[in-house]
Amino acid sequence: MPVGAGLDDLGKGLRSQVGTLYSTKLKGPRYLELAEGYVTKMAVDSEDRVIGYEVVHLGKAMEAIANGMDANEAIKKNTSTKGRYADAARYIDPRKE
Amino acid sequence: MALFEGYERRIDGINEVCKKYGIASIEAAADICKEKGFDPAAIVTDLQPICFENAKWAYTLGAAIAIKKGVKTAADAARAIGEGIQAFCVPGSVADHRKVGLGHGNLAAMLLTEDAECFAFLAGHESFAAAEGAIGIAQTANKVRKHPLRVILNGLGKDAAQIISRINGFTYVQTQYDYKTGKVNVVKEVKYSDGPRAAVKCYGADSVPEGVAIMHLEKVDISITGNSTNPTRFQHPVAGTYKKECTEQGKKYFSVASGGGTGRTLHPDNMAAGPASYGMTDTLGRMHSDAQFAGSSSVPAHVDMMGLIGAGNNPMVGMSVAVAVAVAEAMNK
């Protein structure tokens with residue numbers, strides 16, 4: 001095994017393995033940060049249950065910015081959605097709602 | 001930057017296989033697929049976005065081999081894809097010893113022939129990797145099969161099963177196990193989408209007996225285990241018990257252990273032996289499996305460490321099936 005192979009766990013755009021989620025019984029879980037990056041929006045269904053989320057891959061965005069890309073463009077290019085994001089009944093900002 | 005991870009350790013084996021099939025280089029393999037109108041790398045990335053570059057190239061080489069062989073069926077394409085993945089195995093690695101690349105090709109071929117009726121991802125419900133694999137199969141396998149292949153997820157925990165179903169658009173099947181009679185009853189089914197994904201049924205069990213009963217209920221004939229969370233408490237005991245009961249009934253059941261290998265340890269007792277040791281999850285897999293892969297069911301880096309490619313073994317099942325179907329469709333145009 002090559003030296004440093006363990007670092008591969010972080011994937012491309014090496015960043016952090018730490019995620020932060022906050023959850024209450026009343027409102028349910030709120031994803032703030034995941035290993036892949038900063039969660040911008042969460043998608044919930046008609047029963048207010050999480051079915052997906054939108055995330056900015058911060059490691060990749062920072063890499064692009066370091067390579068000279070405009071910051072806004074870098075964030076846009078490294079934003080993606082997970083799960084059934086498009087099927088949501090509504091979208092929430094996990095930091096405000 | 002090199003074309004893919006571990007280039008130096010892999011390229012000699014790859015060039016040898018390229019030569020055998022009259023492919024000028026690994027880069028030329030991509031052109032061969034492009035000419036036929038499909039891109040294996042895109043299919044692979046779509047199923048597991050965090051996979052390594054070497055995974056994309058391995059499937060590209062496999063697809064090019066299938067084209068060069070002039071395969072007609074998706075099952076034959078799958079076996080050729082296995083040769084491509086095998087070419088990427090680092091010489092002397094666990095993946096090389098176990099011929100994991102060929103194993104993946106053969107597993108996908110089994111799923112694409114009419115012999116298999118139900119394939120189960122037997123997971124600890126720890127990761128979405130089983131879902132990634134299931135999506136790959138659900139969206140493609142039945143395009144080439146006469147009788148549709150049923151795909152199920154069977155894991156520990158009813159809440160986890162429902163969350164996985166909800167996020168991926170599967171059908172959640174809530175069951176209740178009767179410990180007196182040993183029967184499992186379906187309480188309700190919740191369909192979370194329309195289309196092929198809803199055909200994937202996701203079960204959550206409270207215990208090993210319930211897990212085994214679910215295997216019987218669905219008449220599973222091929223399964224792949226998850227590797228990490230709960231392997232000693234759920235997936236290996238379920239696979240082992242079901243294997244025994246199938247043997248008693250004279251039923252064919254092909255069990256695949258997705259993980260294992262060196263350093264794939266679980267507890268402090270076997271971690272003490274260091275990264276060169278074969279851990280408990282590997283040992284458990286050996287007790288029931290007809291085929292054993294190496295590394296992790298989900299984490300690309302762990303599968304790469306075992307010398308295969310950077311993609312989880314569970315998503316790879318979906319990748320092999322999906323790329324094989326794409327090859328077959330391109331060849332029969």
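In the block above lies the structure referred to throughout.
Since the model is a prediction, treat every value here as computed from it, not as a measurement.

All names here are of chain B. Tracing the sequence through the fold places Gly310 in the loop between helix H14 (300-305) and helix H15 (313-331). Considering only alpha carbons, one finds Gly310 and Ala199, 111 residues apart in sequence, at a separation of 28 Å. Those residues within four positions of Gly310 in sequence are excluded, and the remaining contacts are Cys51, Phe52, Asn54, Ala55, Pro300 and Asp304.

This part is about the pattern of salt bridges. Charged atoms that come close allow side chains of opposite charge to pair. All names here are of chain B. Summed over all chains, the structure comprises 20 salt bridges over all chains. Where Lys56 meets Glu53, a salt bridge forms, and the shortest distance between an N and an O atom there is 3.0 Å. Residue Lys56 and its partner Glu53 are both found in helix H4 (residues 53-69); the two are separated by three residues, about one turn of the helix. Its relative accessible area of 14% is what places Lys56 among the buried residues. For Glu53, a relative accessible area of 26% translates into the label partly exposed. Salt-bridge contacts for Asp76 lead to Arg79; the nearest nitrogen and oxygen are separated by 2.8 Å. Placement of both Asp76 and Arg79 in helix H5 (residues 74-87) is noted, with a separation of three residues, approximately one turn of the helix.

With that settled, the discussion passes to the sheet that holds strand S8 (residues 291-292) of chain B. All names here are of chain B. Ordered by their spatial adjacency, eight strands build an open sheet running S4-S3-S5-S2-S1-S6-S7-S8, and the pairing between neighbours is mixed. Each edge of the open sheet is held by one strand with a lone partner, namely strand S4 (183-191) and S8. Judged from the five bridges that link them, strand S2 (residues 150-156) and strand S5 (residues 201-205) form a sheet pairing that is parallel. The residue bridging Ile152 from the neighbouring strand is Lys201, located in S5. H15 contacts strand S1 (118-123) and strand S6 (222-225) of the sheet and is inclined by roughly 140° relative to S6.

Among the residues of helix H13 (residues 280-288) of chain B, Thr281(B), Asp282(B), Leu284(B), Gly285(B) and His288(B) are the ones counted as buried. Along the axis of H13(B), the buried residues cluster in a sector spanning 165°; they form a single face.

Moving on to the state of the cysteines. All names here are of chain B. Taken as a whole and judged by the stated rule, the model has zero disulfides over all chains. Cys33 provides the cysteine sulfur closest to Cys18, a residue in no disulfide bond, and the two sulfurs are 11 Å apart. The structure places no disulfide on Cys51, whose sulfur is separated from the nearest cysteine sulfur, that of Cys33, by 15 Å.

The rules behind each value
- Residues numbered from 1 in each chain as written.
- Chains lettered and ligands numbered in written order.
- Predicted model: local features only at pLDDT ≥ 70, side-chain atom pairs only at ≥ 80, totals over all residues.
- Heavy atoms only, no water.
- Helix = DSSP H or I, 4+ residues; strand = E, 2+ residues; numbered from the N terminus.
- Contact = heavy atoms within 4.5 Å.
- Salt bridge = Lys/Arg side-chain N within 4 Å of Asp/Glu carboxyl O.
- Buried < 20%, exposed > 50% of the residue type's maximum accessible area, 1.4 Å probe, protein only.
- Pairing = 2+ DSSP bridges.
- Axes fitted to C-alpha atoms, helices over the stretch in contact; angles between N-to-C directions.
- Arc of directions from axis to C-beta.
- Disulfide = S-S within 2.5 Å.

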